[in-house]
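# What the coordinates show
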Amino acid sequence: MMPLKTMIMKYTNSKFTAAIIAIFCTVGFANAQEIIKDTVKTKTVTSSSKKQKVDGVIATVGDYIILDSDIDKTYLELSSQGNSIKDITRCQMLGKLLEDKLYAHQAVQDSIIVKDEEIKEKLNEQVNYMVEQLGSMDKVVQYFKKSNEDEFRNELFDIIKTNKLGAEMQRKIIEGVEITPEETRNFFKDIPTADLPVFGAEMEVAQIVVVPKISEEEKQRVITRLKEIKAEVLAGSSFKTRAVIYSDDRGSASIGGFYKINRKTQFVKEFKDVAFSLGEGEISDPFETEYGYHIIMVEKIKGQEVELRHILMMPKVSDQALKEAKEKILTIKRKIENGEITFAEAARTMSDEKETRANGGVLINPKTQDTHFELTKMDPSLYSEVSNLKDKAVTPPILDDDPRSGKKYKIITVTDRIDQHTADYARDYVKIKDLALKEKQIKAIGKWTDEKIKETYIKINGEYKDCTFTNNWLKK
């Protein structure tokens, strides 16, 4: 089985795309459940040594089955998106679906827990977004060709849960896989010169940020409102409902401000300090982080893990404060262009962005954790700001309305450019190390898959017995 390329759905919104992929580009597990319910009385053959093929069931992996229609459904959806399917055989597609089911089956065997509450919250988030995009629940049901909302929700629930099980299983397989400098060096040495990867053109960029000052009156207004909400909840009102209505945290407001965190979760220190200081059912007083003011209510404490809800309120920026921030950043820009100070020095002494300040304003690529951005993979908004910027030039002030931290002004410069080039060990060490790690992880998954195929009940029916798979699904 050749590896399937990731198919990117041609919708403009990534959240809606992800929701559709979750339904149509994975095995229809709920469909399989319905088949089981309808055929439970006729599925087993009286013979002690054989099971009769059930119409439509083409494979069984442990406790899961795959239907012929699952392949048809995936082909249809990929084709409707404009993707070429001519080079993807049914055998290749089945091989991928078999892998997905093996992960999910083994996750259950290994007692990997996926909580129904977590799945329900994810389901509600996806459904709410689909309704927002398509206009109504009836249109969502019609779009996905379901008979009613309950059928749609039940199938989506099972698919999300199965996918989550599979993802957790894969994470468990590779969680201990690490790569050493020696392994990275050997990986690079073993690549034939003609096959060395070519890395695209890249640039390094730096920015200086000026955040408008918030008045003390506005801060106090927000604090007072949060105290009022806390009092309302203590008097019997729903914290979840108030988070939906009032929270400025767009990522969690739709699910009532819910988060599940531990000490390693990537949250700002102030937030975690307050969260881990509370007991179950307690509500914090308002406290400040770089994103605004919060209150937290702890729902459950499970060992080192805390389930909580929070409300974020961001103080409003006045027009006068915005004007003053723009004037300040224009002054910084003039000093840089007049040679009074370098961009890096200005960033270290005058930028309000603490994440980049110490590094002279240089941005870190969140995907690679180094300072270079490949142009073809750069965030479109950042690319539009710097693509035509000449060396040592500084952009005009850019008003950035960050949904997490509010409005701010920034100026940007390009600090380094790298043309498209063949991989160089010294220059591209971080990328090469990442490739070496991925290869090692793939080998770990391959070894795990070989072992689990031997241990797991797997049956492939009909014409699919003639498939040639990369993995030994047929156990020949």
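All of the points below concern the structure found in this document. Every chain begins its residue count from 1, and numbering advances along the sequence as written. Given that this is a predicted model, residues contribute local features only at a pLDDT of at least 70 and side-chain atom pairs are listed and counted only at 80 or more, while totals for whole chains, interfaces and linings are drawn from all residues. In computing side-chain values, all of the structure's heavy atoms are included and hydrogens and water are not.

## Side note on the overall build of the protein
Assigned secondary structure in the protein consists of 16 helices and 13 strands. In this scheme, a residue with accessible area under 20% of its type's maximum is buried, one over 50% is exposed, and one in between is partly exposed, where area comes from a 1.4 Å probe on protein chains only. Buried residues in the protein amount to 44% of all 476 residues. By sequence separation, contacts in the protein at least 24 residues apart represent 66% of the contacts at least 6 residues apart. By the criteria applied, helices consist of DSSP H or I runs no shorter than four residues and strands consist of E runs no shorter than two, each listed in order from the N terminus. Contacts were defined at the residue level, with two residues in contact if any of their heavy atoms lie within 4.5 Å.

## Quick word on the state of the cysteines
In what follows, a disulfide is any cysteine sulfur pair within 2.5 Å. Counted under the stated rule, the structure contains one disulfide. Residue Cys-91 pairs covalently with Cys-467 via a disulfide, S to S 1.9 Å. The sign of the S-S torsion, about -75 degrees, decides the handedness of the disulfide formed by Cys-91 and Cys-467: left-handed. Of the two residues, Cys-91 sits in helix H4 (residues 90-109) while Cys-467 sits in the segment after strand E13 (458-460), which places them 376 residues apart along the sequence.

## Observations concerning the pattern of salt bridges
Throughout this description, the term salt bridge denotes a Lys or Arg side-chain nitrogen within 4 Å of a carboxyl oxygen of Asp or Glu. Within this structure, the stated rule accounts for 36 salt bridges. Note that Lys-172 and Asp-110 form a salt bridge whose closest N and O atoms lie 3.5 Å from each other. Residue Lys-172 is found in helix H7 (residues 149-174), and its partner Asp-110 is found in the loop between H4 and helix H5 (116-134); the two are separated by 62 residues along the sequence. A relative accessible area of 37% places Lys-172 in the partly exposed class. Linked by salt bridges that have partners in common, Glu-118, Lys-164, Glu-168, Arg-171 and Lys-260 make up one network.

## Examining the sheet that holds strand E5 (residues 258-261)
Each pair of strands is called paired provided DSSP finds at least two bridges between the two strands. Taken together, four strands build an open sheet; the order of strands is E5-E8-E7-E6 and the sheet is antiparallel. At either margin of the open sheet sits one strand with a lone partner, and together these are E5 and strand E6 (287-289). This sheet shows a mean twist of 45 degrees between the axes of neighbouring strands, independent of strand direction. Sheet topology places E5 next to strand E8 (residues 305-313); four bridges connect them, and they run antiparallel. Note on E8: the bridge partner recorded for Tyr-259 is Leu-308. For every element, the axis is a line fit to its C-alpha atoms; helices are fit only across the contacting stretch, and the angle between N-to-C directions ranges from 0 to 180 degrees. Running at roughly 30 degrees to strand E7 (residues 292-302), helix H9 (residues 216-234) makes contact with E7 and E8 of the sheet.

## Details of the sheet that holds strand E2 (residues 64-67)
Where strands meet in a sheet, backbone hydrogen bonds hold them as pairs that are either parallel or antiparallel. Taken in spatial order, the three strands make up an open sheet running E2-E1-E13, and their pairing is antiparallel. Sheet topology places E2 and E13 at the edges, where each strand pairs with a single neighbour. For this sheet the average axis-to-axis angle between neighbouring strands, irrespective of direction, equals 20 degrees. Note: strand E1 (residues 57-61) against E2, four bridges, orientation antiparallel. Directly across from Val-57, in E2, lies its bridge partner Leu-67. Against the sheet, H4 engages E1, E2 and E13, with an angle of about 160 degrees to E2.

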